[in-house]
Amino acid sequence: MLTTHSIGRAANRWAVLAVTLVGGAAMAVIMAVRGEITLAIVLPVIIIGYGLTVTFSAARSDVAAQLSGREEDERRRLINWRAGATTANVLMLVLVCGTFYELIRGEFGGTFSRLSALGGITYAAASANYTRAKGKQSVDPAE
């Protein structure tokens, strides 16, 4: 059962490609201004190639559809939700390990420490918010 409107799906279908085109052009300009001509060519080719690949492969590939932002059904939304949670857990593990590295080197208060604190505070605040709003909001993350 499709849960989004066709207009939204059509716009979403081209959104990743549009963002990669704009991002690729911005990268090309930035690298060219910095005098790094090789990167001014290579970086846009990579990012625009990614956008083209996921956009035009999405109809045939679940992975490409997921990467292109096509959440057309509950299954894909759940996959996206779980992938996001896994990514967040891995990033927090890296940040906490980086914080311990900073502690060992006597550099507490560096980037890893600040990002770990931000991640922990954000998680605690979001948990408190979702716990209090239990009856007011749907449990489905897609809604």
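Residues numbered from 1 in each chain as written. Predicted model: local features only at pLDDT ≥ 70, side-chain atom pairs only at ≥ 80, totals over all residues. Heavy atoms only, no water.

A few points about the confidence of the model for the protein
- For the protein, mean pLDDT is 83; residues scoring 70 or higher make up 83% of the total.
- Ranking the elements of the protein by mean pLDDT puts helix H3 (residues 62–67) last with 79 and helix H2 (residues 37–57) first with 93. (pLDDT = per-residue confidence, 0-100. Helix = DSSP H or I, 4+ residues; strand = E, 2+ residues; numbered from the N terminus.)

What about the pattern of salt bridges?
- Counting across every chain of the model gives two salt bridges.
- Of the charged contacts, one joins Arg34 and Glu36 as a salt bridge, the two residues approaching to 3.2 Å between their closest N and O atoms.
- Owing to a relative accessible area of 56%, Arg34 belongs among the exposed residues under this scheme. (Salt bridge = Lys/Arg side-chain N within 4 Å of Asp/Glu carboxyl O. Buried < 20%, exposed > 50% of the residue type's maximum accessible area, 1.4 Å probe, protein only.)

Focus on the packing of aromatic side chains
- One pass over the full model with this rule turns up one aromatic pair.
- Ring geometry for Trp14 versus Phe56: centroids 5.7 Å apart, planes at 70°, classification edge-to-face. Within this pair, whereas Trp14 is found in helix H1 (residues 6–33), its partner Phe56 is found in helix H2, the two being separated by 42 residues in sequence.
- Residue classification places Trp14 among the partly exposed residues on the basis of a relative accessible area of 43%. (Phe/Tyr/Trp six-rings, centres within 6.5 Å; stacked < 30°, edge-to-face > 60°.)

Some thoughts on the packing of helix H4 (residues 74–105) against helix H5 (residues 111–132)
- H5 packs onto H4 with a crossing angle of 140° between their chain directions and a minimal axis gap of 8 Å. Taken together, H4 and H5 sit at an angle that is classed as oblique. The element H4 and its partner H5 pack so that their crossing is left-handed. Contacts between H4 and H5 involve Met92, Val94, Leu95, Val96, Gly98, Thr99 and Glu102 from the first element and Thr111, Phe112, Ser113, Leu115, Ser116, Gly119 and Gly120 from the second.
- Of the residues assigned to the contact of H4 with H5, the class counts are six nonpolar, seven polar and one charged. (Axes fitted to C-alpha atoms, helices over the stretch in contact; angles between N-to-C directions. Parallel < 35°, antiparallel > 145°, perpendicular 65-115°, else oblique. Left-handed = near helix turned anticlockwise from the far one by under 90°. Contact = heavy atoms within 4.5 Å. Nonpolar A, V, L, I, M, F, W, Y, C, P; charged D, E, K, R; others polar.)

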